[in-house]
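# Summary of structural features
Spelled out, the chains give:
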Amino acid sequence: MSALGLAAAIVSGGLTVCAHAEYLIQPGDTVEIAVAGLPDLKQRSVVNPDGAVAVPMTRPVKVAGLGLSAAQTLIKDQLSRKLYQQRMSDGRDSITAIGPDMVMVTIAEYRPVYVNGDVTKPGEQVFRPGMTVRQAVALAGGYEIMRFRMNNPFLESADLRNDYQVLWMQYVKLQAKIWRLKNQNAPRDKEQDAALDAQTQAPLPKAVLDSLRANARTQLAVANERFIAESAFLTGAVKTADDQIAMLRARQVKDDENVQVDTADYNKLKEFSERGNLPMTRLSEARRLFLFSATQSLQTGVQLVNTIRERDDARRKVARLDETSRSEILAQTEQATVELGEVRSKLQSVSEKITYTGVIRSQLSRGGGATPAIRIVHAAANGGGTEAASEDTPVVPGDTVDVALHTEVPEITQ
């Protein structure tokens with residue numbers, strides 16, 4: 001008889017195969033030994049790994065591999081004709097000879113059955129005679145259809161779809177930002193709008209997409225206007241400085257001429273004054289005019305130098321404006337590209353979760369659930385080996401039931 005047939009016959013017959021086979025005791029089973037009329041001798045012992053069980057008043061008896069009737073006969077033989085002294089209620093000692101009919105041997109607890117896989121509480125389960133796979137799974141809390149340990153699939157699906165939409169909005173915003181940075185400070189043309197529409201395709205309402213695209217176009221226009229205004233301001237500052245420099249140079253020429261004239265007048269009047277032919281007041285007036293002309297010429301020169309420096313600074317700013325703008329655009333584009341990659345990864349993850357959740361939700365709505373694939377791995381003491389099983393297949397102590405739920409979730413392509 002095969003191992004499966006033997007196990008089925010054992011369980012269906014209350015651990016008795018027809019009329020000539022019975023369950024064989026194995027290490028891990030708990031054997032109870034009792035002697036009628038002697039309650040002190042009642043004890044439970046677990047069959048140790050060597051296959052022996054402790055027996056009162058004698059050495060351990062090896063029972064592994066024996067049926068219950070054979071084990072009982074062996075233990076009766078060990079205890080028969082043993083004398084047991086006990087104290088009576090009146091204080092007298094009584095000696096009782098143990099007879100074979102007084103000894104009773106039963107299996108108090110069987111080795112557990114182990115349930116593994118997609119169940120709520122995997123692990124060992126207490127065996128009961130006649131147990132089937134269905135009952136073992138029931139003791140393990142039933143099938144765990146949410147084997148991905150998610151929350152209520154209906155609520156989870158709603159939350160995931162909200163996250164999915166938010167991520168798509170972030171995706172569109174980042175694509176629009178990259179488009180804006182790419183076209184910033186560039187001439188406006190119709191191809192830019194077509195490129196924006198192509199880059200921002202997403203499963204979002206048309207009104208939302210139109211709003212995000214319009215916002216990107218507005219930001220591009222504002223950025224370009226700001227760049228043009230700043231460039232025009234700096235260019236105007238350079239032109240204004242050039243005009244001031246030209247005026248100051250012309251004024252400096254006149255100031256130098258005035259200094260020369262006033263210097264000549266002062267020297268001539270000074271000679272007259274030294275000869276005594278000119279009052280001192282007239283010489284003082286000439287000296288004051290000479291000093292005023294020299295001071296005015298010096299101030300014009302300083303103002304000219306400052307204006308030239310300001311013009312050169314403005315020219316450098318004009319030259320750096322485009323370079324700085326390009327540098328900022330490159331840095332922002334790089335950052336937006338990194339964020340776009342992160343959003344793509346999150347979108348993929350949420351998309352997979354939505355697919356799994358949708359399939360499980362659909363199965364729950366249909367009431368079908370997942371289809372269990374069941375295997376029973378028999379212990380070596382039960383003959384060993386693995387067999388496919390159904391929920392109605394009987395199990396025996398020591399068996400391991402492996403449960404796998406097949407939800408038939410479609411694979412998401414990258």
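A short tour of the structure in this document, coming up.

What counts, and where the lines are drawn
- Residues numbered from 1 in each chain as written.
- Predicted model: local features only at pLDDT ≥ 70, side-chain atom pairs only at ≥ 80, totals over all residues.
- Heavy atoms only, no water.
- Helix = DSSP H or I, 4+ residues; strand = E, 2+ residues; numbered from the N terminus.
- Buried < 20%, exposed > 50% of the residue type's maximum accessible area, 1.4 Å probe, protein only.
- Contact = heavy atoms within 4.5 Å.
- Areas by Shrake-Rupley, 256 points an atom, 1.4 Å probe, with all protein chains shown as cover.
- 1 Å grid on protein atoms, 1.4 Å probe; cavity = no way out; pocket = protein on both sides within 12 Å on 5 of 7 lines; lining within 4 Å.
- Points joined across faces, edges and corners; volume = space filled by probe spheres on them.
- Nonpolar A, V, L, I, M, F, W, Y, C, P; charged D, E, K, R; others polar.
- Salt bridge = Lys/Arg side-chain N within 4 Å of Asp/Glu carboxyl O.
- Pairing = 2+ DSSP bridges.
- Core = buried A, V, L, I, M, F, W, Y, C linked by side-chain atoms within 4.5 Å.
- Axes fitted to C-alpha atoms, helices over the stretch in contact; angles between N-to-C directions.

A tally of helices and strands in the chain yields seven helices and 14 strands. Residue burial in the chain is summarised as follows: out of 414 residues, 37% are buried. Contacts in the chain between residues at least 24 apart in sequence constitute 63% of all its contacts with a sequence separation of at least 6. Total accessible area on the chain stands at roughly 24,400 Å², and carbon and sulfur atoms take up 53% of it.

A word on the layout of surface pockets. Approximately 290 Å³ is the volume attributed to the largest pocket. Looking at the lining of the largest pocket, the elements with two or more residues in it are helix H4 (153–183), helix H6 (206–275) and helix H7 (280–366). Examining the composition of the lining of the largest pocket, we find that eight residues originate from one element, H7, more than from any other. Classifying every residue of the lining of the largest pocket gives five nonpolar, six polar and six charged.

Per the counting criterion, the structure on display carries 18 salt bridges. Between Asp-197 and Arg-213 there is a salt bridge, with the nearest N and O atoms lying 3.6 Å from each other. Here Asp-197 is found in helix H5 (residues 190–199), whereas its partner Arg-213 is found in helix H6, with 16 residues between them in sequence. A relative accessible area of 28% places Asp-197 in the partly exposed class. For Arg-213, a relative accessible area of 10% gives the class buried. Between Asp-312 and Arg-311 there is a salt bridge, and its shortest N-O distance comes to 3.4 Å. With a relative accessible area of 25%, Asp-312 lands in the partly exposed category. One salt-bridge network, held together by shared partners, links Asp-193, Asp-197, Lys-206, Asp-210, Arg-213 and Arg-217.

Attention shifts here to the pairing of strand E3 (residues 30–35). Across the six residues that make up E3, a large majority, six, are buried. Here five bridges tie E3 to strand E4 (residues 38–46), and the two strands are oriented antiparallel to one another. Within E4, the residue paired with Ile-33 across the bridge is Gln-43. In this antiparallel pair of consecutive strands, E3 and E4, the connection spans two residues, and Gly-37 shows a positive phi of 80°. Here six bridges tie E3 to strand E9 (residues 103–109), and the two strands are oriented antiparallel to one another. Bridge pairing in E9 links Ala-34 to Met-104.

Glancing now at the nonpolar core. Counting 37 residues, the largest nonpolar core has Val-35, Val-63, Ile-75, Leu-79, Ile-98, Val-395 and Val-401 as its most contacted members. For this core, the secondary-structure elements that each account for two or more residues are E3, E4, helix H2 (68–79), E9, strand E10 (113–117), helix H3 (133–139), strand E12 (371–377) and strand E14 (400–406). Val-172, Leu-174, Ala-202 and Leu-209 belong to the second largest nonpolar core, which has 17 residues in total.

Another aspect to go through is the sheet that holds E4. In spatial order, the strands read E4-E3-E9; together these three strands make up an open sheet with antiparallel pairing. Taken across any chain shown, the strands that pair with only one partner, and hence form the sheet edges, are E4 and E9. Looking at each pair of strands side by side, their axes are set apart by 20° on average, direction ignored. Along the sheet, H2 makes contact with E3 and E9, crossing E9 at roughly 135°.

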